[in-house]
Amino acid sequence: MLASIRQFAKSWPARILLIILAISFVGWGAQQGGSAMFTGDQVIKAGSRVLTSQDFAREYDNYKKRIEQESGQQVTRELAEQNNLDATVLNGVATREAFSEVLSKAGVKPGDKLILDQIQKIQAFFDPITGKFDKKTFEARLRENGMTPENFDAGLRDQMATQHWAVAVQNGLSAPRSYGALAAIYGLEARDLAFVTLAPSSVPTPAAPTDAQLQSVINENKDRLTVPETRVLSVVLFTPAGVQAQASAPIDPAELQKRYQFRKDTLSTPEVRSLVQIPVKDQASAQQVTARLARGEAPAAVAKSLGVDAVVYDAKPMSAISDRKVGQAAFRLPAGQPATVQGDLGLAVVRVNAITPGREVSLDEARPMLEAEIRKDMVAEKVYAQTQAFDDAIKAGGDLASAAKKAGVTVTPLGPISAQGVDAQGRQLQGLPPKILETAFALPTGAESDITDLGDGAYFAVKVDRVVAAHVPPLAEVRPMVTQFWIQRELVRALEAKAAGLSERIRKGETLEAVAASAGLTVSRVPGLTRQTAQQQQALGREVIGRALAAKPGEVWTAGAPNGIVVGRVDNIRMEGGPTAARLSEMARPELSQVLFREMGEAAQTYARSKLKVKVDRDRARAAIGFEPLKPEAKAGAAAEKKK
């Protein structure tokens, strides 16, 4: 941004966006190149840090899931490879690890207590019953995401170290007043714009193109005109919706009763008790403790006098009492009466302070939920029966159509359709699960897939009936479109040639008014154009406004406009001073400080990767996620890009 302000050229909002995209302190970091081969299973090596194939696969899957959640669309393998998603993740993670390694070596390390406090504040790790952090829930959530407590701890430490570094750098950072003044000058300079517009009607309409000319257009634009591979498919779906009507029969009362007995305990609310447990050595100590509690002494004080800690349970069910026998005895005692109990873990005095009775859910109360569960199971069983009948028919030698008939399901013809779900008319097919296309495009012509899980109790099988290879359509199919393109291109060329001629005459000394009059054009003027008032001139088009705000005084230029081509000139540039300039100068400083901070972060990450000489093995990374190795020409291109 600072460079653009100094040069009065590119807009600083665009620069800010570029910087934001280029760097993320807690995200993927700057993307930079690098390639090397290592010994052992090492995908990334940044100082003492090594990421294996398994580590990279997890990073890739998490990043891909984030993209899919944000975009609402599945990222297919083909799309990921086309957009080099593996390289994006590889280089981003490598830079992140390098930066974290440098911070660690510099001594920026969060303490164990701080890490523990942060983990215990994450609600995803809370027990749904107690509403507090639960170690088992913590470990279960990590397993669901393919993580271990160790690598979660390491990642959290890196994240917090980066945040601490960022806060330390950002606090007190302020852009100089001179930078704010430059921003004010940049935003308030006013330009007097004069221009003429050459509309399409100002040049002759191009003659109709010949077939040879149209074919040349096709040859020049093969990449854009190529129709992707499409396939004609036969799809068999096994879905809960397809058998819903068959699952509407009355529910067997015996089955309902059986389900109720099985679920009664989990549906009911158990009795909970608040109690205190004081461990004692012998019966004499127990009698002493019982007497003191009966006199009203505080349990904590009694326990402390014996050199032990009182164990307190607040509104807990019997299952929460760590000593089974103590729990059983406590749940037989009346409230307020202390008693001596011989538990599995030793002798103890127990007193129940409060009792909250449990509540058993009746069959009538649970009936709607239980019936819904039973019907859902009935639907799942019928879907499963259909898949088994279909599979048995296939194994017996039947084809997809006959097997579907025996299973009582319908074969749906589909296509021609591309791997991205686009039909022959260029329309995106809605409602088709991407997994069906992914499976179909991995099969050869005539092949049938196995029954495949589609999620949510649904399954499918697909057959590839026909494959239409990617091809450039013949002229006869695209003649109208190519003809229109050719005419528009020739029209633009004629306008550009005329605009160049008028511009040259002005540069040689003719006035803009005289040149415009000779061409039958009218001179338009926009006095006092500023970057703040540019929004009011959107009818001119972004290219015209951009050229006007970047041109030097007296410079003649051409630019595309919504209604033709503009030949323009800025006649005067002046600065609007006064209170507005002072106000804008101060208003710009906080944002400029943020930009300075981001650029410092970008430089720090670049330094970290360079300092540690980070090595990445892209072939090993691609293998970890199931991609084919890079071709030699692709490797050469990556190496050339790195040298730049």
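Rules and cut-offs
- Residues numbered from 1 in each chain as written.
- Predicted model: local features only at pLDDT ≥ 70, side-chain atom pairs only at ≥ 80, totals over all residues.
- Heavy atoms only, no water.
- Helix = DSSP H or I, 4+ residues; strand = E, 2+ residues; numbered from the N terminus.
- Buried < 20%, exposed > 50% of the residue type's maximum accessible area, 1.4 Å probe, protein only.
- Salt bridge = Lys/Arg side-chain N within 4 Å of Asp/Glu carboxyl O.
- Axes fitted to C-alpha atoms, helices over the stretch in contact; angles between N-to-C directions.
- Left-handed = near helix turned anticlockwise from the far one by under 90°.
- Contact = heavy atoms within 4.5 Å.
- Pairing = 2+ DSSP bridges.
- Polar contact = N/O pair within 3.5 Å; in protein donor to acceptor, adjacent residues only side chain to side chain.

Topic: unusual backbone geometry
- Between Gly415 and Pro416 the backbone carries a cis peptide bond, its omega angle lying at 5 degrees.
- By the secondary structure assignment, Pro416 is in strand E9 (residues 411–418).
- For Asp456, which is not glycine, the phi torsion reads 55 degrees and is therefore positive.
- Within the secondary structure, Asp456 is located in the loop between strand E10 (452–455) and strand E11 (458–468).
- Judged by its relative accessible area of 79%, Asp456 is exposed.
- Positioned with a positive phi, Lys613 is a non-glycine residue whose angle comes to about 50 degrees.
- Structurally, Lys613 can be placed in the loop between helix H23 (579–612) and strand E15 (615–616).
- Note on Lys613: relative accessible area 63%, which makes it exposed.

Some thoughts on the pattern of salt bridges
- For the coordinates displayed, the defined rule picks out 44 salt bridges.
- With a closest N to O distance of 3.0 Å, Glu97 and Arg49 form a salt bridge. Highlighted residues: Glu97 in helix H5 (residues 85–105) and Arg49 in strand E2 (residues 49–51), separated in sequence by 48 residues. For the pair shown, Glu97 and Arg49 are each scored as buried.
- Lys113 serves as the salt-bridge partner of Asp117, at 3.2 Å between the closest nitrogen and oxygen. Here Asp117 and its partner Lys113 are both found in helix H6 (residues 112–119), 4 residues apart, which amounts to about one turn of the helix.
- Residue Asp117 is classed as partly exposed on the basis of its relative accessible area, which comes to 27%.
- Within this structure, Arg49, Glu59, Arg96, Glu97, Glu101, Lys105 and Asp158 form a network of salt bridges that share partners.

Focus: the environment of Ala249
- Note on placement: Ala249 falls in the loop between helix H12 (240–243) and helix H13 (253–267).
- Note: C-alpha distance between Ala249 and Met378 (129 residues apart in sequence) is 9.9 Å.

Description of the packing of helix H9 (residues 177–188) against H23
- Direction vectors running N to C along H9 and H23 enclose 115 degrees, while the axes themselves pass 7 Å from each other. Of the two elements, H9 crosses H23, and the hand of that crossing is right-handed. Along its contact with H9, which presents Arg177, Tyr179, Gly180, Ala181, Ala183, Ala184 and Leu188, the element H23 presents Thr580, Ala581, Leu584, Ser585, Glu586, Ala588, Arg589, Leu592 and Leu596.

A word on the sheet that holds E10
- Across the sheet, which stays open at both edges, the 4 strands sit in the order E9-E4-E11-E10 with antiparallel pairing between neighbours. Edge positions in the sheet fall to E9 and E10, since each has one partner strand and no second. In this sheet, adjacent strand axes meet at a mean angle of 40 degrees when their direction is disregarded.
- Of the pairings in the sheet, the one linking strand E4 (residues 230–238) to E11 comprises 9 bridges and is antiparallel in character. Residue pairing across strands places Arg231 opposite Val467, the latter belonging to E11.
- Taken strand by strand, helix H17 (residues 363–395) contacts E4 and E11, and its axis lies near 125 degrees from that of E4.
- Lying on the sheet, helix H18 (residues 400–407) is in contact with E4, E9 and E11; it crosses E4 at an angle near 20 degrees.

Overview of the side chain of Thr439
- Structurally, Thr439 is set in helix H19 (residues 434–440).
- Owing to a relative accessible area of 19%, Thr439 belongs among the buried residues under this scheme.
- A distance of 2.9 Å separates a polar atom in the side chain of Thr439 from the backbone oxygen of Lys435.
- Each residue touching Thr439, except ones within four places of it in the same chain, is listed here: Ser449, Phe460 and Val462.

Thoughts on the pairing of E11
- Note that E10 and E11 share 3 bridges and pair antiparallel. Counted as the bridge partner of Thr452 is Phe460 from E11.
- Here E10 folds back onto E11 in antiparallel fashion, the turn holding 2 residues, of which Asp456 has a positive phi close to 55 degrees.

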